[in-house]
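# Structural overview for review
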Amino acid sequence: MVDIHCHILPALDDGATSLEQALEMAEMGIEDGITHVVATPHANSEFRFDYDAVRNRRNELQARLGDRLLLATGCDFHLSVENLEKIRACPANYAINQKRYLLVEFADFAIPPTAEEALHSLQLLGLSLIITHPERNRLIRSQPQRLRRWLRLGCYVQVTAQSLLGKWGKSTTKQVEEWLDQKIVHFFASDAHNTAQRPLRLREAYAVVAGRWGESMAQSLFRENPLAAFEGRDLPYEPEIPSAPDPRTPHRKRFIFF
Ligand SMILES: [Fe+2]
């Protein structure tokens, strides 16, 4: 399996606190059947994204792991005006494995009416956007039409493996199940921060998806799509976005953005 969202690099954010803990997380992932991990430190008002520091920490950890686990870097990119300014200088520094996919996280307390324009400005930088764990955002759960709008703009959806396992509450689990039924999920990832409460594990969620939605979908969401993002290729599994009744999203939107 391939994990595209993980806070494994030590002492950069609220993830691993030391190289030793990062190594423990890596061992946990290897044991779980994970072969590739994208280290995605936060870039938000609390944690500044320093690409050189990220690369140094990645190289240090990779040297300790040898070829047992392949590490790349990316960023857990918080959608803010400040970040939108910063990323312009070098979008690839923030992208998964310095290719084209970018993890984008929304604030829990407010989604600005200009969110679509912000997403579009990132797309104009050549980035393919992956909305991270929307199931954990109460605002997005309460406005499903907004997520559909972002999907129609060409964004993808990554959910957290633990969300499906009930670790973020019942309504979050239910939301993931509903989106899996609707085929609007493109990736599962760990969003691991440590070895205890937020572990680097995917296997248990994989088994749930394989059991209820089929082995092929599990392969797509835990292996094939994440590997394509890692390598900067088009996603092999990209079902058509079902057209849901959405009175606030007339078709003309497509013409504004494309
Ligand atoms: Fe994260």
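Residues numbered from 1 in each chain as written. Predicted model: local features only at pLDDT ≥ 70, side-chain atom pairs only at ≥ 80, totals over all residues. Heavy atoms only, no water.

## Observations concerning the environment of Gln62
Spelled out, the test is: Per the convention used, a helix needs a DSSP run of H or I reaching at least four residues, while a strand needs a run of E reaching at least two, with both numbered from the N terminus. Between buried and exposed lies partly exposed: a residue is buried under 20% and exposed over 50% of the maximum accessible area for its type, with that area taken using a 1.4 Å probe on protein chains only. N or O atoms within 3.5 Å of each other form a polar contact, as long as, within protein, one can give a hydrogen and the other can take it, and as long as residues adjacent in sequence are counted only when both atoms are side-chain atoms.
On the secondary structure map, Gln62 appears in helix α2 (residues 51–65). Given the relative accessible area of 11%, Gln62 is considered buried. With 141 residues separating them along the chain, Gln62 and Arg203 place their C-alpha atoms 22 Å apart. A polar atom in the side chain of Gln62 sits 2.8 Å from the backbone oxygen of Leu69.

## Concerning the sheet that holds strand β2 (residues 36–39)
What counts is decided by this rule: We treat two strands as partners when DSSP finds at least two bridges between them. Each axis is a line fitted through C-alpha atoms, taken for helices only over the stretch in contact, and angles between the N-to-C directions span 0 to 180 degrees. We call two residues in contact when some of their heavy atoms are within 4.5 Å.
Reading across the sheet, the 3 strands line up as β1-β2-β4 and stay open at both edges, with parallel pairing between neighbours. Since the sheet does not close on itself, it has two edges, and those belong to β1 (2–6) and β4 (70–73), each with one partner. Across the sheet, the mean angle separating the axes of adjacent strands is 20 degrees when strand polarity is ignored. Sheet topology note: the β2/β4 ladder contains 4 bridges and is parallel. Its bridge partner being in β4, Ala39 is matched across the sheet by Thr73. Each of β1, β2 and β4 touches helix α10 (residues 215–231); the most contacted strand, β1, lies at about 65 degrees to it.

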